[in-house]
Amino acid sequence: MGITGLASLVEKAPNTLSEDISWPQLSAPQVAAIQAVVDGNAFVHFVARQSKWLPAGGHRALSAAVQRWFLELTAAGLAPVFVFDGPLPKWKFAERITRDTEKIHRATTVISEVVGSRLASGGVGQAATLLPPLAVSASIDTLRGVGAKVLVAEGEADQAVVLLARQGSCVLSLDSDFLIHDIDGQSGSGIEGCYIPFDTIHISKDPTGRCLRARAYRRARVANFLGISPSLMPALAALVGCDAVGAAERDMVSRLDPDFARATGRHDRIKIVAKALRSYNGIGDPFRAIENMLDAVPDKRLASEQRVALLNTLHFAVSQYARYDTPATLAPLDTQHQFIRALMVNGQYSHKLVEVAQARLFWCSPYLEDTARASAWDLSRNIRSWVYAIVAWSTCASKNSRNGYLAGEAETGVPFEGLQTLPLGPIPWEEYLRGKLVVTEYLRRGGRLAAEHVHPKTVAEIQDGLDAASVALNASVEPFRMHPENFHNLPNDLRETLYLHILQANTPAMRALPISMMPLAGCARSMILECAKREQKLANYELMAWLASAVKSVLEDSSESERRLDNNGISVTGRWAATRLSVHRIAQIEAMLFSALLLAQSLLHPRLQDGDFSMDHWKCLDGPEFHRCMELTKGGASMQRLMSIEEGGDANGAAKIRMFEMVRDAVVEGLEGDIETVIEYGGVSPGTVMKRRKEKKSKGKGSQSPKRTVAALSKSSNMFEFLSSGCSF
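Residues numbered from 1 in each chain as written. Predicted model: local features only at pLDDT ≥ 70, side-chain atom pairs only at ≥ 80, totals over all residues. Heavy atoms only, no water.

Section: the overall build of the chain
Helices and strands together make up the secondary structure of the chain, namely 30 helices and 16 strands. Every one of the 729 residues in the chain was classed for burial, and the buried ones make up 57%. In the chain, the share of contacts with a sequence separation of at least 24, taken over all contacts with a separation of at least 6, comes to 75%. Surface summary for the chain: the accessible area is close to 28,600 Å², and the carbon and sulfur share equals 51%. (Helix = DSSP H or I, 4+ residues; strand = E, 2+ residues; numbered from the N terminus. Buried < 20%, exposed > 50% of the residue type's maximum accessible area, 1.4 Å probe, protein only. Contact = heavy atoms within 4.5 Å. Areas by Shrake-Rupley, 256 points an atom, 1.4 Å probe, with all protein chains shown as cover.)

A few points about the confidence of the model for the chain
When pLDDT is averaged along the chain, the result is 81; 78% of the residues meet or exceed 70. Here residues 120–124 is a poorly scored stretch, pLDDT under 50, and it has 13 contacts once near neighbours within four places are set aside; other chains count. Note on residues 400–414: pLDDT under 50 across the span, and 41 contacts to partners over four residues away in sequence or across chains. (pLDDT = per-residue confidence, 0-100.)

So, the packing of aromatic side chains
Inspection of the entire model under this criterion finds 16 aromatic pairs. Centroid distance W363 to Y442: 4.7 Å. Interplanar angle 15°. Geometry classified as stacked. Of this pair, W363 sits in strand 9 (residues 361–363) while Y442 is found in strand 10 (residues 439–445), placing the two residues 79 residues apart along the sequence. Pair check on accessibility: W363 and Y442 agree, each one buried. A ring pair is formed by Y499 and F613, whose centres lie 5.6 Å apart and whose planes are at 65°; its orientation type is edge-to-face. (Phe/Tyr/Trp six-rings, centres within 6.5 Å; stacked < 30°, edge-to-face > 60°.)

As for unusual backbone geometry
Positive phi outside glycine occurs at R360, with the angle close to 55°. Locating R360 in the fold gives a position in the loop between helix 15 (351–359) and strand 9. Although it is not a glycine, L604 sits at a positive phi angle of roughly 55°. Turning to its location among the elements, L604 is positioned in the loop between helix 25 (580–602) and helix 26 (612–619). Residue L604 is classed as buried on the basis of its relative accessible area of 1%.

Let's talk about the pattern of salt bridges
According to the stated counting rule, one finds 29 salt bridges in the structure shown. Here R381 and E441 are joined by a salt bridge, their closest N and O atoms 2.9 Å apart. Remark: E441 occurs in strand 10 and R381 occurs in helix 16 (residues 381–393); sequence separation between them is 60 residues. For E441, a relative accessible area of 0% translates into the label buried. The residue E496 makes a salt bridge to R607 at a minimum N-O spacing of 3.2 Å. (Salt bridge = Lys/Arg side-chain N within 4 Å of Asp/Glu carboxyl O.)

Thoughts on the nonpolar core
L256, L543, W546 and V663 are the most contacted members of the largest nonpolar core, which has 174 residues in total. Counting residues per element, this core draws most heavily on helix 25, which supplies 13 residues. Not counting residues up to four positions away in its chain, the partners in contact with L543 are A524, I528, L538, V667, V668 and I675. V47, A48, V66 and L143 belong to the second largest nonpolar core, which has 38 residues in total. (Core = buried A, V, L, I, M, F, W, Y, C linked by side-chain atoms within 4.5 Å.)

Describing helix 6 (residues 158–165)
For helix 6, the buried fraction is high: seven of the eight residues fall into the buried class. Every buried residue of helix 6 is accounted for by D158, A160, V161, V162, L163, L164 and A165. Packing partners of the buried residues in helix 6 comprise strand 2 (34–39), strand 3 (78–84), strand 4 (149–152) and strand 5 (170–173).

Some details on the sheet that holds strand 11 (residues 448–454)
As summarised here, the arrangement of the three strands in space is 9-10-11, forming an open sheet in which the pairing is mixed. This sheet does not close on itself; its edge strands, each paired only once, are strand 9 and strand 11. Sheet twist, expressed as the mean angle between neighbouring strand axes with direction ignored, is 30°. Two strands pair when backbone bridges link them, and strand 9 and strand 10 are joined in this way by three bridges, in the parallel orientation. Bridged to F362 within strand 10 is E441. (Pairing = 2+ DSSP bridges. Axes fitted to C-alpha atoms, helices over the stretch in contact; angles between N-to-C directions.)

Some thoughts on the pairing of strand 5
Residue alternation in strand 5 divides its side chains into two sets, C170 and L172 and V171 and S173, and both sets are buried. Across three bridges, strand 5 lies against strand 6 (residues 195–197) in parallel orientation. Bridging from a neighbouring strand, V171 pairs with Y195 of strand 6.

Rendered as structure tokens:
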């Protein structure tokens, strides 16, 4: 994420280093006249921090903030294109491991600050840097929903951002790399070719109305401030330290010049390196400048083999800034046969699925969870093992495709080229058939990052799933037989049913649910069964809190959701304390829903075409509401209060309760014995004694404490008595 210390050095420099710019915001829509390329991932992190977005699962708040910022930019006449990172390049794996390890330590600190705090009072700054897995998906869905242009790069976003900017755009990001890149391109005036840090953008009011103000930087001005030629900025980045230069190579760079080793801080190092580069201003070529600098170093300071290794590393680092090849992301794609590739570029097929095919890797990046418990990603591994098998299947081309997913056509006669249209190396399908395909998952184990090998589901298990899905559909035709070239020929109804089968939710009650409730209900069933397998049954009050908060969230329209949030995206409906358990549960739920979304994308689930089904995987997750409901369910609150139904109720409130019952019944059908009974019922009539049994939660089997009796509550006011009439747990 940039050059060590450069952003803060530039920020503290004289104001003449930057340009103050402003765009008046008009009430009427403006004609977009200013092209702006937005670093999508940096944008999401910025918005999360600005909105004080704390609890994992606060995706409605994040979505609302993303939409507000998009509207602010367009109201000022900007035409933003959002470019997101794609599959991680192999050379960045080591850096990702380092950053994910840092996130584990950060999560340990943040959870201690969060527990017991009242979420409505604001957020903890560090929590916004621990974006949960659905955050980027929710942001992309939101941007696509408001008509924004969205691109996902086929690698890191930087190259695509720079290429677009060089065509006459400014860059919005939070990455000092854009002080190094030559983004001026065809222009040298106006704000085209400028880098605008997000944290310099603010909205001000003056006598003429609202105005969007920011500070813009140009590479030439920064280079002039440092006293070097602009063309040598890539050499500065390599020598000071950037993502492409590891710790060992940085140590070797310190031996190139005695002054380098004497640098007392990040800013001092930048100034010393810049001073050394001034003698190469006449060369202008950053590669030759690096070579000449290394040639001047005595052998006693740097051995020959070290010199060669360092030169290769620094050359590679410079090349990340000095060469601009056209990324395939920006080239026209034939959606008829480069189908999955086109979906990825459009943000409809996760780059994490491509990483599985390309590198046999899955990054279970740490986020806000209780690090004293097992990783939040654990419970959803079974889903991902199905995903890995389906991804392998989709790397085979089809000789004759039924490409109805995009075109709405039957037999197209156009060969369907799956993921193999991307650079894959060995085709995963071939490894899969030989039983050699293994995906390495990087996830938290205790306080460290561990690499674990995960085997995909076998061909036999996939075929069993297809057979079960066919039976559920009462198919009169012969069951679909899996073979290398027919992935894209799967009928759409079979894809939908296979999705439910893999979530262990292929029941008539599940299939009768509205589509918007299927991700929620399917993941709830999966989570119940996965918890039971580990002898850590999900408590009934936890399940009720999840379902109640989720159903309420799905049924709310955007105006209802907005009324529950202040301008910073913080709940105004009450002050609810998070516990270690509630924070960890919402993290587990998020990983489950994200894995289910990957499953839907890998299957090319037909419901994803309109975008709503993708949103259904995160709209049902409301962190603040979940924490609120967890407090209420443990206290035996009324159903009306749990669902925020006003006294006396209304037709809308009754509809919410009916939907809750429908979802609850579909979730618990046949699983009553797999749910931990913390609240016991002696009956459902008024005056019945409700017994509450608290069990100590632990990493293994919990030890029971003696039952205690709680005062009786009437059937009409107590949600547990209401629920007990429909299920036995």
